[in-house]
Amino acid sequence: MPENSFKIYLADLIHDYLPGNYIVPLNVGLITSYLKEHFGNQVEIKLFKSVEALLREFRTSSKPDIVGFSNYSWNQELNHFAMKLISSESPNTVIVAGGPHIRTDPNGIKTHLENLSEIDYYCMFEGEIPLGNLIEYFISKKQTIKKNLCDQEISGVAYVKDDKLSYPVITNQGRTITDIPSPYLSGILDEFLSSPKWVPILETNRGCPYPCTFCVWGISALDKVRVFPLQRSLDEIAYVAKRSPSPRWIFADANFGILPRDLDLAKQIRKESDKYGKLKMAQ
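**Q** Looking at this model, I keep getting lost on the nonpolar core. Mind explaining?
**A** Counting 49 residues, the largest nonpolar core has Leu-35, Tyr-121, Leu-131, Leu-134, Ile-135, Phe-138 and Tyr-184 as its most contacted members. The biggest single contributor to this core is helix H1 (residues 26–39), with seven residues. The next biggest cluster of nonpolar side chains, apart from the first, holds 27 residues, and it includes Leu-13, Ala-97, Ile-102 and Ile-109.

Below, the structure is given as structure tokens:
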């Protein structure tokens, strides 16, 4: 690892003790792409889906500076198990979380962070920019900073210090996803693509104009539809089709088909499916 760089683990944990349809970790892959694009060799990042693999790496190599967890309803308790162990064995490691399984009002955020006190910082909504802001803060300090020693607000990042919530909100104004490089095309997710255990998941746009109360997309912070460049998405489809043995894919778009260009994407899926003969109709 280069001198003065941060060792980071990013974990999208699953309960993998039984066979199942497990998903390629596109979420933490996108975050990795963003961080590598902005910070280069100042960050060294490793991705995990298995809590067993995470803890084995944690215990057999030098301790990470930062461990980040993607937080969903299905893995919060698994995350908490790993957080408690990591915090007890490496108190200086900064614990970061992000993901939709948290209320978005200030009182709800504060309560969540108080209940999961091992978490130092929570990256709200889309994680790339907030975590980038946090890393930028650490770089300015030339070291990681635990929440109890943090001396400034960090845009898009929530933390509780001295019983007070710090959370300067990032708004949609000026936000873009076009500067997040593809973790597929950069090879970051190759280790997962090569195995039939992992189902590829692709994202060609973000946001949803429909305010459905039952859905995480139905909040004002995520209501503007933004697209990744069309050619990038077409290239991703071709890249994944060539490398993944999986007979099924998942698209993470809130409303695939809402945009006219989605027809071009559907044609590309058909083309690559015919070329490699891997994708199968759902039964």
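**Q** What am I meant to see in the layout of surface pockets here?
**A** One simple way to see leftover space: roll a probe sized like a water molecule over the atoms. Here the largest pocket is characterised by a volume of approximately 1,200 Å³. If you go around the largest pocket, you meet 45 residues; those closest to its centre are Asn-27, Tyr-72, Gly-99, Pro-100 and Phe-125. At the level of secondary structure, the elements contributing two or more residues to the lining of the largest pocket comprise strand E1 (6–14), H1, strand E4 (66–70), strand E5 (94–98), helix H5 (128–141) and strand E13 (250–251). Of the residues in the lining of the largest pocket, the class split is 30 nonpolar, nine polar and six charged.

**Q** I would appreciate a short explanation of a positive patch on the surface in the present structure.
**A** A cluster of basic residues, Lys-242, Arg-243, Lys-271 and Lys-275, forms a positive patch at the surface. When contributions to the positive patch are tallied by element, the ones reaching two or more residues are helix H7 (230–243) and helix H8 (262–276). Of the residues examined, Lys-275 reaches a relative accessible area of 57% and is grouped as exposed.

**Q** Which parts of the structure should I look at to understand the pattern of salt bridges?
**A** Inspection of every chain in the model, using the stated rule, returns 14 salt bridges. Shared partners join several salt bridges into a network, and the residues in it are Glu-126, Glu-128, Glu-203, Arg-206 and Arg-226.

**Q** Before we go on, may I ask you to explain the packing of helix H2 (residues 51–60) against helix H3 (residues 76–89) in this structure?
**A** The geometry of a pair of packed helices is captured by two quantities: the angle between their axes and the separation between those axes. For the pair H2 and H3, interaxial distance at closest approach is 11 Å and the crossing angle is 5 degrees. Relative to H3, the element H2 lies roughly parallel. Counting all contacts with H2, which are made through Val-51, Leu-54, Leu-55, Phe-58 and Arg-59, the residues of H3 involved are Leu-78, Phe-81, Ala-82, Leu-85, Ile-86 and Glu-89. Classifying every residue of the contact of H2 with H3 by side-chain character gives nine nonpolar, no polar and two charged.

**Q** Would you explain H2 in this entry?
**A** Side chains three or four residues apart in an α-helix point the same way, a direct result of the helix having 3.6 residues per turn. Within H2, the full set of buried residues consists of Val-51, Leu-54, Leu-55 and Phe-58. Projected onto a plane normal to the axis of H2, the buried residues spread over an arc of 90 degrees and lie on a single side. Facing away from the buried side of H2 by more than 90 degrees, the exposed set consists of Glu-52 and Thr-60. Elements in contact with the buried residues of H2: E1, strand E3 (43–50), E4 and H3. At the N-terminal boundary of H2, the capping side chain belongs to Ser-50, with an oxygen 3.2 Å from the backbone nitrogen of Glu-52.

**Q** Honestly, the pairing of strand E7 (residues 157–161) in this entry has me stumped. Any pointers?
**A** The two faces of a sheet get side chains in turn, since along a regular strand they alternate between them. In terms of burial, E7 is largely enclosed, as four of its five residues are buried. Note: strand E6 (residues 121–123) against E7, two bridges, orientation antiparallel. The residue of E7 that forms the bridge with Tyr-122 is Ala-158. Pairing of E7 with strand E8 (residues 164–166) involves three bridges; the strand directions are antiparallel. Its bridge partner lying in E8, Tyr-159 is registered against Ser-166. Turn length for the E7-E8 hairpin, with the two strands adjacent in sequence and antiparallel, is two residues, and the turn residue Asp-162 shows positive phi of about 55 degrees.

**Q** Please explain the packing of H1 against H5 as it appears in this structure.
**A** The N-to-C vectors of H1 and H5 enclose an angle of 40 degrees; their axes lie 10 Å apart at closest approach. Between H1 and H5, the angle falls in the class oblique. Between H1 and H5 lies a crossing of right-handed hand. For the pair H1 and H5, the contacting residues are Leu-30, Ile-31, Tyr-34, Leu-35 and Phe-39 in the first and Glu-128, Ile-129, Leu-131, Gly-132, Ile-135, Glu-136 and Ile-139 in the second. Residues of the contact of H1 with H5, tallied by class, amount to nine nonpolar, one polar and two charged.

**Q** Help me understand the pairing of E3 in this model?
**A** Summarising burial for E3: six of the eight residues are buried, a large majority. Bridging between E1 and E3 involves seven bridges; their strand directions are parallel. In the strand pairing of E3, Ala-11 is matched with Phe-48.

**Q** Is there a simple way to think about the sheet that holds E5 in this case?
**A** As a general point, the strands of a sheet are linked pairwise by backbone hydrogen bonds and lie either parallel or antiparallel. Here seven strands make up an open sheet; going across it, the order is E3-E1-E4-E5-E6-E7-E8 and the pairing mixed. A single partner strand is all that each edge strand has here, and the edge strands are E3 and E8. Mean inter-strand twist for the sheet, computed between neighbouring axes without regard to direction, equals 20 degrees. Lying over the sheet, H1 contacts E1, E3 and E4, oriented at roughly 175 degrees with respect to E3. Against the sheet, H2 engages E1, E3 and E4, with an angle of about 140 degrees to E3.

Parameters at a glance
- Residues numbered from 1 in each chain as written.
- Predicted model: local features only at pLDDT ≥ 70, side-chain atom pairs only at ≥ 80, totals over all residues.
- Heavy atoms only, no water.
- Core = buried A, V, L, I, M, F, W, Y, C linked by side-chain atoms within 4.5 Å.
- Buried < 20%, exposed > 50% of the residue type's maximum accessible area, 1.4 Å probe, protein only.
- Helix = DSSP H or I, 4+ residues; strand = E, 2+ residues; numbered from the N terminus.
- 1 Å grid on protein atoms, 1.4 Å probe; cavity = no way out; pocket = protein on both sides within 12 Å on 5 of 7 lines; lining within 4 Å.
- Points joined across faces, edges and corners; volume = space filled by probe spheres on them.
- Nonpolar A, V, L, I, M, F, W, Y, C, P; charged D, E, K, R; others polar.
- Patch = residues over 30% accessible without salt bridge, like charges linked within 9 Å, V, L, I, M, F, W, Y side chains within 5 Å.
- Areas by Shrake-Rupley, 256 points an atom, 1.4 Å probe, with all protein chains shown as cover.
- Salt bridge = Lys/Arg side-chain N within 4 Å of Asp/Glu carboxyl O.
- Lys, Arg positive; Asp, Glu negative; His and termini not counted.
- Charge placed at Lys NZ, Arg CZ, Asp CG, Glu CD.
- Axes fitted to C-alpha atoms, helices over the stretch in contact; angles between N-to-C directions.
- Parallel < 35°, antiparallel > 145°, perpendicular 65-115°, else oblique.
- Contact = heavy atoms within 4.5 Å.
- Arc of directions from axis to C-beta.
- Polar contact = N/O pair within 3.5 Å; in protein donor to acceptor, adjacent residues only side chain to side chain.
- Pairing = 2+ DSSP bridges.
- Left-handed = near helix turned anticlockwise from the far one by under 90°.

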